[in-house]
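Each chain is listed here by its residues.
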Amino acid sequence: MGLSFYIYERSKLGGVIGGGLQLFFSYFKDLVGREVTVELKNDLAIRGTLHSVDQYLNIKLENTRVVDQDKYPHMLSVRNCFIRGSVVRYVQLPPEAVDIELLHDATRREARGG
């Protein structure tokens, strides 16, 4: 299983939505074309190729497949999907796609306010 990044619910950001989400948005833009797994708040997990992401962390996946096909058989025919950012719980990334030093630097800059 890949490294998981938790996307904070907007209510947990305490009104400072712009800065916290901007860090994830910038990072995810660089992952377009890579395979990711998106777990939704309703426990549905969808794996696919990241096609696009916007500043609200809305995600478009292509070549999708449901992780638990026995639990969600009605989703077997879905090949492309748009996921609203507010319903995302986790995004799992392949380990080779994660630059830990880049994330540490970006997090430090974000904590300092710039």
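Rules and cut-offs
- Just so you know, the residues in each chain are numbered from 1, in the order the chain's sequence is written.
- Local features in this predicted model are restricted to residues whose pLDDT is 70 or higher, and side-chain atom pairs enter the listing and the counts only when it is 80 or higher, whereas totals over whole chains, interfaces and linings include all residues.
- Computation of side-chain values: all heavy atoms of the structure, hydrogens and water removed.
- Salt bridges are defined by distance alone: a side-chain nitrogen of Lys or Arg within 4 Å of a carboxyl oxygen of Asp or Glu.
- Put simply, DSSP marks the helices as runs of H or I at least four residues long and the strands as runs of E at least two long, and each gets a number from the N terminus on.
- The quantity known as pLDDT measures the predictor's confidence residue by residue, on a range of 0 to 100.
- Pairs of residues are marked as contacts when any of their non-hydrogen atoms sit within 4.5 Å.
- Throughout this description, the term nonpolar core refers to a set of buried Ala, Val, Leu, Ile, Met, Phe, Trp, Tyr and Cys residues connected via side-chain atoms within 4.5 Å.
- Only protein chains enter the calculation, and the probe is 1.4 Å; a residue is then buried if its accessible area is under 20% of its type maximum, exposed if over 50%, and partly exposed in between.

1. Let's talk about the pattern of salt bridges
Overall, the coordinates contain 4 salt bridges when judged by the stated rule. Between Arg108 and Asp105 there is a salt bridge, with its nearest N and O atoms 3.0 Å apart. Of this pair, Arg108 and Asp105 both sit in helix 2 (residues 100–112), 3 residues apart, roughly one helical turn. The network of salt bridges with common partners includes Glu39, Asp43 and Arg89.

2. Some details on the confidence of the model for the chain
In the predicted model, the chain carries a mean pLDDT of 80, and the fraction of residues at 70 or more is 79%. Counting contacts from residues 6–18, a segment whose pLDDT is below 50, to residues more than four positions away or on other chains yields 18 contacts.

3. Some points on the nonpolar core
Phe28, Val38, Ile46, Ile59, Leu61, Ile83 and Leu93 are the most contacted members of the largest nonpolar core, which has 26 residues in total. Where this core is concerned, the elements lending two or more residues are helix 1 (17–29), strand 2 (35–40), strand 3 (45–53), strand 4 (59–66), strand 5 (80–83) and strand 6 (88–93). Looking at this core element by element, the count peaks at 4 residues for helix 1. Apart from the residues within four sequence positions on either side, Ile59 is in contact with Val38, Leu50, Ser52, Val53, Cys81, Phe82, Ile83, Val88 and Val91.

4. Points about the environment of Lys60
For Lys60, the location among the structural elements is in strand 4. On the accessibility criterion, Lys60 (30% relative accessible area) is partly exposed. Separated by 22 residues in the primary sequence, Lys60 and Phe82 have C-alpha atoms spaced 4.4 Å apart. Aside from chain neighbours lying at most four places away, what touches Lys60 is Thr49, Leu50, His51, Ser52, Cys81 and Phe82.

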